[in-house]
Amino acid sequence: MTKLKSLLEQVSRPELVNPIKEYPLLGVRLEGAGAFHRETKVGSQLSAKTLFQVKEGDFIYSRLFAWRGAFDIVNKSLDSFYVSNEFPVFLLKKDKIEAEFLRLWFRLPKTLTVVEALCSGSTPLTRNRLKEANFLDLEIPLPPLQEQRRIVARIEELVGRIEEAR
C-alpha cells in the first residue's frame with residue numbers, strides 16, 4: 001500500500017480574473033464519468049477573483065463531490081481550462097503511477113466508501129468536502145508500472161467486449 005502523497009504533487013496555476021477575458025470552465029461528473037466543459041464565461045460574469053488553470057495529464061477532483069466519484073485525469077481537449085479553488089489539481093509522478101490506473105481505482109466502490117468516510121462538512125449531502133490532506137493520506141495498492149499497464153489494458157479490453165455485446 002502506498003500513500004497518494006508519494007505519487008502526486010499538488011500544483012496551483014492561479015490567474016487573476018480579467019473582466020473582459022473568456023474562461024472555459026471545467027467540471028467533473030459524478031460516478032467516475034469524467035471531466036467536461038461545463039461552460040464558458042466572461043470574467044465579469046464570475047464572482048471568483050482567482051481561477052486556476054489545468055493542464056493535460058493533471059489529476060483533478062471536486063472537493064464537494066469526491067464522495068460521489070468526481071475524480072479524473074484532464075484530457076487534451078480540456079487543456080488550459082479553468083477551475084475554482086474547489087478543484088484541487090495534482091501532477092502524477094509518472095515513474096510510479098499510471099494515470100489511467102489511478103483514475104480506475106477511484107471508480108471502485110470500496111475506494112469511494114473510504115473517500116466518503118474521510119469527507120467532512122456541516123451538512124453531509126451538500127457540504128461534505130474531501131480536504132487535500134485526507135486525500136493525500138489515502139493508500140492505494142500499487143503494483144509495478146508494467147503490471148498497472150497490464151491491468152488497465154485488460155479492463156479496457158473487457159469494456160470493449162461489453163460495448164460490442166451491447
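None of these values were measured; they are calculated from a predicted model.

Participant: Just to check I follow, could you spell out the packing of aromatic side chains for this structure?
Facilitator: Applying the stated rule across the entire model yields 12 aromatic pairs. Taken together, a centroid distance of 6.2 Å and an interplanar angle of 10° make the contact between Tyr 61 and Phe 90 stacked. With Tyr 61 in strand 7 (residues 59-61) and Phe 90 in strand 10 (residues 89-92), this residue pair connects regions lying 29 residues apart in the sequence. Members of the aromatic cluster, joined through ring pairs, are Phe 59, Tyr 61, Phe 71, Phe 90, Trp 105, Phe 106 and Phe 135. In this structure, Arg 68 packs its charged tip against the face of Trp 67, placed 5.8 Å from the ring centre.

Participant: Please explain the pairing of strand 5 (residues 34-42) as it appears in this structure.
Facilitator: Put simply, side chains in a regular strand alternate between the two faces of the sheet. The sheet contact formed by strand 4 (residues 22-29) and strand 5 spans 8 bridges and is antiparallel. The residue of strand 5 that forms the bridge with Arg 29 is Gly 34. Between the end of strand 4 and the start of strand 5, which pair antiparallel, lie 4 residues, with Glu 31 showing a positive phi angle near 55°.

Participant: Before we go on, may I ask you to explain helix 4 (residues 145-165) in this structure?
Facilitator: The α-helix advances 3.6 residues per turn, and as a result positions three or four apart in sequence lie on the same side. For helix 4, built from 21 residues, the straight-helix expectation of 30 Å at 1.5 Å per residue is met to within 8% by its first-to-last C-alpha distance of 30 Å. The set of residues buried in helix 4 consists of Leu 145, Gln 148 and Val 152. Down the axis of helix 4, the buried side of the element spans an arc of 55°, and every buried residue falls inside it. Among the exposed residues of helix 4, those oriented more than 90 degrees off its buried face are Gln 146, Arg 161, Glu 164 and Ala 165. Next to the buried residues of helix 4 lie helix 1 (99-105).

Participant: How should the sheet that holds strand 2 (residues 8-11) be read in this particular structure?
Facilitator: Two modes of strand pairing occur in sheets, parallel and antiparallel, and in both the strands are linked by backbone hydrogen bonds. Taking strand neighbours across the sheet as the criterion, the 4 strands line up as 2-10-7-8 in an open arrangement whose pairing is antiparallel. Of all the strands in the sheet, the pair left with one neighbour each is strand 2 and strand 8 (71-73). Within the sheet, the average angular offset between the axes of one strand and its neighbour, ignoring direction, is 30°. Bridge count between strand 7 and strand 8: 3 bridges; the pairing is antiparallel.

Participant: Sorry if this is basic, but what is going on with helix 2 (residues 109-118) here?
Facilitator: Burial in helix 2 covers these residues: Thr 111, Leu 112 and Val 115. All buried residues of helix 2 lie within an arc of 95° about the axis, which places them on one face of the element. Summarising the geometry of helix 2, the exposed residues directed more than 90 degrees from the buried face are Pro 109, Lys 110, Thr 113 and Ala 117. In this structure, the buried side of helix 2 is in contact with strand 8 and helix 1.

Participant: For this particular structure, what's the right way to read the environment of Ile 151?
Facilitator: Mapped onto the elements of the fold, Ile 151 is located in helix 4. By relative accessible area, Ile 151 is classed as partly exposed at 26%. When the C-alpha positions of Ile 151 and Phe 101 are compared, they lie 7.7 Å apart, and in sequence the two are 50 residues distant. Excluding residues that lie within four positions of it along the chain, Ile 151 makes contacts with Phe 101 and Pro 143.

Participant: Please explain the side chain of Glu 132 as it appears in this structure.
Facilitator: By the element assignment, Glu 132 lies in helix 3 (residues 132-136). Given the relative accessible area of 16%, Glu 132 is considered buried. Within polar-contact distance, the side chain of Glu 132 engages the side chain of Gln 10 at 3.2 Å. For Glu 132, the contacting residues outside a window of four places in its chain are Gln 10, Tyr 61, Arg 63, Pro 88 and Phe 90.

Each value, and the rule that gives it
- Residues numbered from 1 in each chain as written.
- Predicted model: local features only at pLDDT ≥ 70, side-chain atom pairs only at ≥ 80, totals over all residues.
- Heavy atoms only, no water.
- Phe/Tyr/Trp six-rings, centres within 6.5 Å; stacked < 30°, edge-to-face > 60°.
- Helix = DSSP H or I, 4+ residues; strand = E, 2+ residues; numbered from the N terminus.
- Lys NZ or Arg CZ within 6 Å of the ring centre and 35° of its normal.
- Pairing = 2+ DSSP bridges.
- Expected span 1.5 Å × (residues − 1).
- Buried < 20%, exposed > 50% of the residue type's maximum accessible area, 1.4 Å probe, protein only.
- Arc of directions from axis to C-beta.
- Contact = heavy atoms within 4.5 Å.
- Axes fitted to C-alpha atoms, helices over the stretch in contact; angles between N-to-C directions.
- Polar contact = N/O pair within 3.5 Å; in protein donor to acceptor, adjacent residues only side chain to side chain.

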